Amino acid sequence: MADLQYSTDNGSTYHTLYSFRISKGDAGVHVIANVTARMRAVVTTFQLRVKQSSSFSGTDSQAWALDNFAVLGSGPQYIEGDFDSTTSCNFLAQTGTVKPFQSSGNALTFSGNATSSVGHFATSVPVHVPHVSTVTSPAGVLFEENFEPVPSIPGTYWASIQGGKIALPDCGSIDSFGTGLAAVFTLAGSRYIQTKPLDLTNAETLSFKIKIGGEGGCESAESGEDVVVEYQSSGSSLFVEMKRLNYNAYASSTSVVVSLPVGVRAASTVLRWRQLSNSGSQFDEWAIDNIRVTDVVPVTAATTIFSEHFDTAPTTPGLKWQSIRGGSFATPDCGSIAASGLSSRAAFFSGTGTRSITTQPLDLSGARNMTFRARLGGTSSSGCETVDSGEDVIVEYQQVGKTTYTQLKQLAYNGYTTATEVSVVLPFAAVSSATTLRWRQLSHSGAAFDEWAVDDIVIKGIGNTAMPSYILSEDFSPTPSFPGSSWDSISGGSIKTPDCGSIDSTGFSSQAAFFSGTGTRYIQTVALDLTTSGTLSFRIQIGGGSGCESADSGEDVVVEYKIGTSTTSYVELKRMSHNGYATAQTVSIVVPRSAKTSSTVLRWKQAKHSGSTFDEWAIDHVRLTSTTSSPSTTITIFNDNFDTAPSVPGTWWAAISGGTFKTPDCGSIDLPGYSSQAAFFSLVGSRYIQTQRLDLTSAKTLSFRVQIGSTSSTTCEQADAGEDVVLEYQPLGSLTFVQLMLLGYNQYQTAKTVQVPLPMAALTTGTVLKWRQESHSGADLDEWAIDHVSVTGVQKLLTIFSEDFDRFPQFPGTKWQFISNGNVTTPDCGSIDVTGYSAQAAFFSGGSSVLISPRYIETVGLDLTTASTVSFRLQIGGGSCDRPEIGEDVVVEYRTSGTTLFTQLKVFSYDSYQSPQTVTVSLTNSSKTASTVLRWRQLSHSGKGYDEWAIDHIRITGTQLISAIPSLFAEDFFPIPTFPNSKWLSLTGGSVNIPDCGGIDLAGYSSQAAFFSKSGTRSIQTQDLDLRTAQTLSFIVQVGGTASSCDSPEDSGEVVVVEYKAKGSTSFQAFLLLPHDAYKTATAVTVTLPFPSRTRASSLRWRQLYHSGPGFDEWAIDHIRIMGPAFDRYHVINFELNLGSSSTQQSSSYDVRLEHSIDFGKTWALAQTDCLPYTSECTQSLLNSQYPSVLFTNWRRVTVLLASSAISNNTQVRWRQPTTNSTNTWAIDSVYFGVQCPGFCSGHGRCSNATGQYEGLVCGGNSDGQPCAASFIYNNKAYTNCTRDGLQGIDDELWCATTANYDKDKKWGYCICGVCQCDSGYSGKSCATVTKILPRFLKEDFESSLSRNKWAWVGGGTIGTLCGTV
């Protein structure tokens, strides 16, 4: 055995990343291990060590070797060791020798007894990988078990197995690779397998394959013989169930994916698979295999590619569906199977003949997962007949170009008698640009028997960028051309089904490149651009099978490369031994740096063979991946290592209590290379630390290091039960904190790094994070510390240019300059559109010849300075169109301002795009100018009607929009709007008038609202709105009421739902449910708009699901607001107040209160509460906003800094005197409500509305009022004035950087603030300059009336004597 290990502390400690077995006589073990999220989160410098974990002694015949060692990222390799030279400069230390090993050239070879105490090893130089954290990489595997080789139990990972063993399952292999070994349970008594405690702090998903009884000769399990997946937390003796696997639902091998609950994500968690009961030995057998725990969020958090909820009956054939047979779109006779809040309509099957529903070909090129709800038959009380054996429903798919379907999932007849959500991981073969899906019942007993239904079908994925980007992808179906676009030649073989049998993966054709002829046997590519290549993989079989002769010694197959087409010398990449591939295997090879050129030829060749039909071999599924990463990058939003003690309150932190910034008494919890300071808590009173409001709209993950107590009582006292630390967040506009994670008192006695995915509710423009200890026993007891606090996210890609050709663009126009020998129409070859769009595209089929009539489309000059990629759909020939020939390729090219020549970006081969494909091209730096023209052009064609091609769905994306402006929406239904208009598309089942239940308006508004009480559908729908910068939707609603004139809904189905329809979609998605009995009085509702709704053309709809007819179940809405981001700077209320001098007013009952509301006046609170001294609720000493009458007998200016809880998109303020009488008089004047003035006017002036741009002073932002820099760099561009560019200018406001380089320092502020009007004797932008002569001393003996020249005001007192003279 050998281990691949890593160290993040310069070799002091090592952690095993991957273990592998080296057996005598092995042809070689190829190891690929992912750099885990844990490694990326800790440091960007680490060392790797390959170490022999079990010793042996002997001669070279018992030796082992290391070769072709590489660390790869998204671009260049970071280190590489092929040992072809006699030095090994990438390794600091090793116990081996560089010399030839077997027949593979030089390698680092180990043999005999190691002199090192750790055995044979090789340790790399430190690897610095600055790009690793930004790569969209495969799932980081935290734990993996394939039971090959057989693990020790108990051993490294497994604690025990009971009632089973590691063996080949009696019912047949459930394995997807390898020899088929699994954990098999067939014995009497308890049956389970249990891990040792695992560090699952960063875990997200658990996946495995399982089979329970069923196929292959095993007895079927019975009711109660389910298998459960459980976990046990540290310190607990109890196991908690997280997934139950029904006894009759896994009769065939099934992949299961579980999203791990929060309780599993701890540093010491035990996993267990257990059967609840069994009938004895050899009964109710089950097996598991291919277990993986990963640190990647499951695809259920990804974007929706396809959805169908049957809310309205779709047309067949139509955009989504080809056909439905033996069924209809209706509420099932057995009752609705829809998810809560959705329509009860489903695809329901109860007719005669074939029963099936089939989609149109769908673009699933980015798909990963499909979910749907299903029910087969029902229970005795449901109204549907029970389905019988053999009447299962299967889900299947059909690949593009195929005539047969492949089964994806079988729904057992007795496993879905109640509505069940089904989740299916889509196989690679189903992930294509034109995949058809079908649900079909195998048999049934006739009309109204064996009914079934499906609903709520959702396919999710992460877009085309989630699929590997291939430089070469070949499945040999259809048969490629030799020579052609990918292959140069083949010798001694042909493209056919191998005589030894197919080596294909499931779902592909059986064709391969098969070699059995005389002479030299090889297949060779054309020259390929491998500059961005990553790995080469393929399937291969040498000999073996039922009809092939076994190869002999020396009849190996090699894959090799050469540079350029003129050279004849090849370099070997990998040798496949003649006797190591008798069964088909997948081989993966890291492309070495020396092969990464713009003109590399690859060749597979057999060194020798014994003649025709001897020593046959075959290859298939050739994939050459590109490491070009997505332009989305990981960004750090917030980071503090406490290397220097931060100011509190300051830029990042609002408050700290019960702690300070120092080296913890328990010892440093820092990472290597950082100071030992942390936020350490050991004092009396409340213990917490709280951030300022942070913009987390782009955030994904919060990480930090934490230690609670210690394992050694001599340094820090151990915390006790109940003395946990909680991590909380407070979203913008909320007054309460929400728990994000509980850090158990006994789980962090040594320092650990914690990573927490941030929930959607925390992703606001002003979220507060807080760490708080629930209780402690006093000073220097139950201490704790945090350090290395970091919030990271993804820099969002924004669309700079888009074109779907749904409407006919102008030529020339705002987007396009020219189109030549083409037009915007449905292509003759068929639509290339994605689901939900029109069939129109830019289609080219005209012209007599390319010289006289070129075919192209050309944009106007575009600002691509912030662009990253251009993507589009492309088809060349195919369908009913003429097939192009060699040289009739299409290119995308560009030219910049001042030039007439175009530069090529990419060529698209004439024979590779005969079906529509989505293409993404990275823009070069030279193409990113302020005026770049793009052109799509065909290099050659044969005239009108020949060699047609089409493009559609063009997108240019980048990291920011220029001058993005928020879209806002407001409707108070006064005056009465017409329908349709610029805001509203339709209103049905209602009208705009005074509701029968009474007005629901706010004070000062008309009593009109949108009121619904009529027959038919009741809904109101907006026009398409630009919601790209929207954040919140608010409105007032009443459903039913308490008045006798108003009928209230009585049925739970008479609810109102709020829905959205995103751009390009044909269906609405519900995101808010208003229960029938919860809004009987007018209620203000504010909700965050879901991210998928924020497109440039989204429609909102309020709709009642059903009602009892005219005059029943009425409801109304009013005061609708859609708002963008809240301001991120201080807001103030500045006013002058005089409460008069009447003696009747000199009591607290006549005080005036300044109050605020953020829910349209439903509730009111003081605009500012007391804050003396600092508390967790505020950051500076402030008095509350209740003004005593005794202090305001004359005019007095007041400036109120609004608390964060008062900042919203709906803030109102009011001045209110609770008690009054006939003589009571008071007044306010000079009111200002807005963003702060510079320096709050230093207390010597009042704010007024902004009138223009200041030269220097700023407000808001994160620079504490520092002035603008004279010039600054933003996004690699120089500025000398304030600008609206970028995300800071999203409110169309001017901003500037306050240091010379914003890209580096990220310091900025707004340039337009409130304007100070200074008092007499003061001047300057902040009224800080004194222009009058101030008194040099103050003398007062109170022997006469008070002088206003000496005293500004006096409250609650008068001149007099008290108990004699003083």
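These numbers come from a predicted model, not from an experiment.

Enquirer: Can you help me understand the overall build of the protein in this one?
Expert: Counting secondary structure elements, the protein contains two helices and 92 strands. Here the protein, with 1366 residues, has 49% of them falling under the buried criterion. The long-range share in the protein, meaning contacts at least 24 apart out of those at least 6 apart in sequence, stands at 75%. As displayed, the protein has an accessible area near 58700 Å², and 49% of this comes from carbon and sulfur atoms.

Enquirer: Explain the nonpolar core to me, please; I cannot follow it from the model alone.
Expert: The biggest cluster of nonpolar side chains holds 34 residues, and the ones touching the most others in it are Leu206, Phe208, Ile210 and Trp273. For this core, the secondary structure elements donating two or more residues are strand 12 (141-145), strand 15 (182-185), strand 17 (205-212), strand 18 (227-232), strand 19 (240-245), strand 20 (254-259), strand 21 (270-275) and strand 22 (286-294). Ignoring anything within four residues of it in the chain, the contact list for Trp273 reads Trp158, Arg191, Tyr192, Ile193, Thr195, Leu206, Phe208, Val228, Val229, Trp286, Ile288 and Ile291.

Enquirer: Please clarify how the pattern of salt bridges should be interpreted in this entry.
Expert: Charged atoms that come close allow side chains of opposite charge to pair. Scanning the model with the defined rule gives 27 salt bridges in all. Among the salt bridges present, the one from Arg438 reaches Glu396, with a minimum N-O distance of 2.7 Å. With Arg438 in strand 32 (residues 436-441) and Glu396 in strand 29 (residues 393-398), the pair connects residues that are 42 residues apart, well separated along the chain. Pair check on accessibility: Arg438 and Glu396 agree, each one buried. Here the residues in one salt-bridge network are Arg1153, Glu1155, Arg1214 and Arg1216, joined through shared partners.

Enquirer: Sorry, what's going on with the environment of Pro592 here?
Expert: Note that Pro592 resides in the loop between strand 42 (585-590) and strand 43 (600-606). Using a relative accessible area of 15% as the deciding quantity, one classes Pro592 as buried. For the pair Pro592 and Thr535, spaced 57 residues apart in the sequence, the C-alpha separation amounts to 9.0 Å.

Enquirer: What exactly am I supposed to notice about the packing of aromatic side chains here?
Expert: The description of an aromatic ring pair rests on the distance of the ring centres and on the angle between the ring planes. Summed over all chains, the structure comprises 44 aromatic pairs. Directly above the aromatic system of Phe239 lies the positively charged group of Arg272, at a separation of 3.7 Å from the ring centroid. The lysine or arginine in question, Lys815, covers the ring of Phe801, its NZ or CZ lying 5.7 Å from the ring centre.

Enquirer: Explain a nonpolar patch on the surface here, please?
Expert: A grouping of Leu1338, Phe1342, Leu1346, Trp1351, Val1354 and Ile1359 is seen on the molecular surface, where their side chains present a nonpolar patch of about 510 Å² in accessible area. Position of Val1354 among the secondary structure elements: in the segment after strand 92 (1329-1330). Overall, Val1354 belongs to the partly exposed group, its relative accessible area being 45%.

Enquirer: Teacher, can you tell me more about the pairing of strand 72 (residues 1032-1039) here?
Expert: It is a general feature of regular strands that their side chains alternate between the two faces of the sheet. Counting buried residues along strand 72, eight of its eight residues qualify, which places the element largely inside the surrounding structure. Of the strand pairs in this sheet, strand 72 and strand 75 (residues 1083-1088) are connected by six bridges, and their pairing is antiparallel. Of the residues in strand 75, the one forming a bridge with Thr1032 is Thr1088. Sheet topology places strand 72 next to strand 77 (residues 1115-1123); seven bridges connect them, and they run antiparallel. Bridged to Val1037 within strand 77 is Ile1117.

Enquirer: Hey, could you run me through the state of the cysteines in this one?
Expert: Here, the word disulfide means a covalent bond between the sulfur atoms of two cysteines. For the structure shown, the criterion picks out seven disulfides. One disulfide in the model links Cys1241 with Cys1316; its S-S distance is 2.1 Å. Here the S-S torsion is close to -100 degrees, and the disulfide linking Cys1241 with Cys1316 is therefore left-handed. With Cys1241 in the loop between strand 84 (1227-1235) and strand 85 (1245-1248) and Cys1316 in strand 90 (residues 1315-1318), this pair connects stretches of sequence that are 75 residues apart. Between the sulfur atoms of Cys1268 and its disulfide mate Cys1296 the distance is 1.9 Å. Between Cys1268 and Cys1296, the S-S dihedral sits near -85 degrees, and the bridge is therefore left-handed. Of this pair, Cys1268 sits in the loop between strand 85 and strand 86 (1272-1274) while Cys1296 sits in strand 88 (residues 1295-1297), placing them 28 residues apart in sequence.

Enquirer: Looking at this structure, how should I read unusual backbone geometry?
Expert: Leaving glycine out, the prevailing phi sign among residues is negative, and the prevailing peptide bond configuration is trans. Looking along the chain, the bond that leaves Phe482 and enters Pro483 is cis, with omega of -5 degrees. Positionally, Pro483 belongs in the loop between strand 34 (469-474) and strand 35 (487-491). Here the amide bond leading from Val648 into Pro649 is cis, since omega sits at 0 degrees, within 30 degrees of zero. Within the fold, Pro649 resides in the loop between strand 45 (634-640) and strand 46 (653-657). Here Ala448, not a glycine, exhibits a phi torsion of approximately 70 degrees, which is positive. By relative accessible area, which is 48% here, Ala448 ends up partly exposed. Although it is not a glycine, His621 sits at a positive phi angle of roughly 50 degrees. Topologically, His621 is positioned in strand 44 (residues 617-626). Judged by its relative accessible area of 8%, His621 falls in the buried class.

Enquirer: Teacher, can you tell me more about the sheet that holds strand 41 (residues 571-576) here?
Expert: Picture the strands of a sheet paired through backbone hydrogen bonds; they go either parallel or antiparallel. Ordered by their spatial adjacency, five strands build an open sheet running 35-38-43-40-41, and the pairing between neighbours is antiparallel. Each edge of the open sheet is held by one strand with a lone partner, namely strand 35 and strand 41. The sheet shows a mean angle of 15 degrees between the axes of neighbouring strands, direction not considered. Judged from the three bridges that link them, strand 38 (residues 522-525) and strand 43 form a sheet pairing that is antiparallel. Bridging across to strand 43, Tyr522 finds its partner in Lys605.

Enquirer: Hey, could you run me through the side chain of Thr269 in this one?
Expert: Along the chain, Thr269 turns up in the loop between strand 20 and strand 21. You can call Thr269 buried: its relative accessible area is 0%.

Enquirer: Just checking my understanding: could you explain the confidence of the model for the protein for this structure?
Expert: When pLDDT is low, close inspection of the predicted coordinates is not appropriate. The predicted model of the protein has a mean per-residue pLDDT of 78, with 78% of residues at 70 or higher. Looking over the protein, one finds the lowest element-wise mean pLDDT in helix 1 (residues 37-42), namely 41, and the highest in strand 71 (residues 1019-1022), namely 96. In the predicted structure, residues 40-45 sits below a pLDDT of 50 and forms 15 contacts with residues beyond four places in sequence or in another chain. Of the regions scoring below 50 in pLDDT, residues 55-61 engages in 13 contacts with residues more than four places distant in sequence or in other chains.

Enquirer: It is not clear to me how the sheet that holds strand 24 (residues 321-325) should be interpreted in this structure. Could you clarify?
Expert: Taking strand neighbours across the sheet as the criterion, the five strands line up as 24-27-32-29-30 in an open arrangement whose pairing is antiparallel. At either end of the open sheet lies a strand with only one pairing partner, and these are strand 24 and strand 30 (406-411). Averaged over all pairs of adjacent strands, the angle between strand axes in this sheet comes to 10 degrees, irrespective of strand direction. Bridge analysis of strand 24 against strand 27 (residues 356-359) gives four bridges, and the strand direction is antiparallel. Counted as the bridge partner of Trp321 is Thr359 from strand 27.

Enquirer: What am I meant to see in the environment of Ser1157 here?
Expert: As for its position among the elements, Ser1157 is in strand 79 (residues 1152-1157). The exposure class assigned to Ser1157 is buried, which follows from its relative accessible area of 0%. When the C-alpha atoms of Ser1157 and Gln1212 are compared, they prove to be 5.2 Å apart, with 55 residues separating the residues in sequence.

Enquirer: Whenever I open this one, the environment of Gln730 confuses me. Can you help?
Expert: In this structure, Gln730 sits in strand 51 (residues 725-730). Taking the C-alpha atoms as reference points, Gln730 and Val768, separated by 38 residues in sequence, lie 5.0 Å from one another. Reaching out from Gln730, the side chain makes a polar contact with the side chain of Arg693 at a distance of 2.8 Å.

Parameters and conventions
Residues numbered from 1 in each chain as written. Predicted model: local features only at pLDDT ≥ 70, side-chain atom pairs only at ≥ 80, totals over all residues. Heavy atoms only, no water. Helix = DSSP H or I, 4+ residues; strand = E, 2+ residues; numbered from the N terminus. Buried < 20%, exposed > 50% of the residue type's maximum accessible area, 1.4 Å probe, protein only. Contact = heavy atoms within 4.5 Å. Areas by Shrake-Rupley, 256 points an atom, 1.4 Å probe, with all protein chains shown as cover. Core = buried A, V, L, I, M, F, W, Y, C linked by side-chain atoms within 4.5 Å. Salt bridge = Lys/Arg side-chain N within 4 Å of Asp/Glu carboxyl O. Phe/Tyr/Trp six-rings, centres within 6.5 Å; stacked < 30°, edge-to-face > 60°. Lys NZ or Arg CZ within 6 Å of the ring centre and 35° of its normal. Patch = residues over 30% accessible without salt bridge, like charges linked within 9 Å, V, L, I, M, F, W, Y side chains within 5 Å. Pairing = 2+ DSSP bridges. Disulfide = S-S within 2.5 Å. Axes fitted to C-alpha atoms, helices over the stretch in contact; angles between N-to-C directions. pLDDT = per-residue confidence, 0-100. Polar contact = N/O pair within 3.5 Å; in protein donor to acceptor, adjacent residues only side chain to side chain.

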